[in-house]
Amino acid sequence: TAGRITQDEFRKASFVQHYRTLEEFKAPFDNSNSSVSKAGLRLKFANTQLTKCPYQQAFVDAKGTMSSEQFAASLIPTMRSWSETVFLSALSDRGPNEAQDIVNAFYRSYEAEVADNPDGHAMDYIHIIMVIEKI
């Protein structure tokens, strides 16, 4: 909304991802005709497990001894580690310095937003735990 990027660049920066449900993970084992079942693999156990964001948890555990600025400074680099290449790719029609400047400004802005209001900024994960045996 600040006008730094075009609508097309915004669209290109979208993450195309699909996170499987537990049922989707289990499906090949429930189908006797699947290559998984035919390979002799059997699902013994499948469950989900929540892993709370370690950066947010450290902030909560610090009980006021960590500032919201410190929390933001710890959280943003890990988010940047998996997202920056998508944003830079979306700006591929620009020069590399201009694209990097835009991305750097975005992360600085986001870090400031987290520092101003740390609530709701975290990266919790849901892991699928599966025990599989080969018969």
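Refer to the structure presented above.
The text that follows walks through the structure, step by step, so that each part is easy to find. (Residues numbered from 1 in each chain as written. Predicted model: local features only at pLDDT ≥ 70, side-chain atom pairs only at ≥ 80, totals over all residues. Heavy atoms only, no water.)

1. Re the overall build of the protein
Thought 1: Along the protein, the regular secondary structure elements total 6 helices and 2 strands.
Thought 2: The C-alpha radius of gyration computed for the protein amounts to 21 Å, which surpasses the reference 14 Å derived for 135 residues by more than 25%, pointing to a less compact arrangement than a globule.
Thought 3: Taking the principal axes of the C-alpha coordinates as reference, the protein spans close to 55 × 45 × 20 Å.
Thought 4: The 135 residues of the protein split such that 25% are buried.
Thought 5: A sequence separation of at least 24 residues applies to 70% of the contacts in the protein between residues at least 6 apart.
Thought 6: Accessible surface computed for the protein: about 9400 Å², of which carbon and sulfur atoms make up 53%.
Thought 7: Averaging the locations of the 14 positively and 17 negatively charged side chains of the protein gives two centres separated by 11 Å. (Helix = DSSP H or I, 4+ residues; strand = E, 2+ residues; numbered from the N terminus. Rg over C-alpha atoms; globule rule 2.2 N^0.38 Å. Buried < 20%, exposed > 50% of the residue type's maximum accessible area, 1.4 Å probe, protein only. Contact = heavy atoms within 4.5 Å. Areas by Shrake-Rupley, 256 points an atom, 1.4 Å probe, with all protein chains shown as cover. Lys, Arg positive; Asp, Glu negative; His and termini not counted. Charge placed at Lys NZ, Arg CZ, Asp CG, Glu CD.)

2. Some words on the packing of aromatic side chains
Thought 1: As enumerated under the stated definition, the model contains 6 aromatic pairs in all.
Thought 2: Relative to Phe-87, the ring of Phe-15 lies with its centre 5.7 Å away and its plane at 90°, an arrangement referred to as edge-to-face. Separated by 72 residues along the polypeptide, Phe-15 in the loop between α1 (7-12) and α2 (22-30) and Phe-87 in helix α5 (residues 68-90) bring together distant segments of the chain.
Thought 3: When the ring of Phe-87 is compared with that of Tyr-107, the centres are 6.1 Å apart and the planes differ by 55°; the resulting orientation is tilted. (Phe/Tyr/Trp six-rings, centres within 6.5 Å; stacked < 30°, edge-to-face > 60°.)

3. Overview of the environment of Gly-95
Thought 1: Its location among the elements puts Gly-95 in the loop between α5 and α6 (96-116).
Thought 2: In the structure, Gly-95 is positioned 37 residues away from Ile-132 in sequence and 49 Å away in space, judged by C-alpha atoms.

4. Quick word on the layout of surface pockets
Thought 1: The computed volume of the largest pocket comes to approximately 670 Å³.
Thought 2: For the largest pocket, the lining is made up of 21 residues, of which Thr-1, Arg-4, Ile-5, Phe-10 and Phe-106 are closest to its centre.
Thought 3: Counting residues per element, the lining of the largest pocket draws most heavily on α6, at 7 residues. (1 Å grid on protein atoms, 1.4 Å probe; cavity = no way out; pocket = protein on both sides within 12 Å on 5 of 7 lines; lining within 4 Å. Points joined across faces, edges and corners; volume = space filled by probe spheres on them.)

5. Considering the environment of Lys-63
Thought 1: Residue position: Lys-63 is located in the loop between α4 (54-61) and α5.
Thought 2: Each C-alpha atom of the pair Lys-63 and Phe-15 lies 34 Å from the other, and the pair is 48 residues apart in sequence.

6. Description of the packing of α4 against α5
Thought 1: It is the contact of α4 with α5, at a shortest axis distance of 9 Å, that shows an interaxial angle of 165°. With respect to each other, α4 and α5 are oriented roughly antiparallel. In this structure, the crossing between α4 and α5 has a hand that is right-handed. Along the contact surface, α4 presents Tyr-55, Gln-56 and Phe-59, while α5 presents Ser-68, Phe-71, Ser-74, Leu-75 and Thr-78.
Thought 2: Among the residues making up the contact of α4 with α5, the classes are represented as 4 nonpolar, 4 polar and no charged. (Axes fitted to C-alpha atoms, helices over the stretch in contact; angles between N-to-C directions. Parallel < 35°, antiparallel > 145°, perpendicular 65-115°, else oblique. Left-handed = near helix turned anticlockwise from the far one by under 90°. Nonpolar A, V, L, I, M, F, W, Y, C, P; charged D, E, K, R; others polar.)

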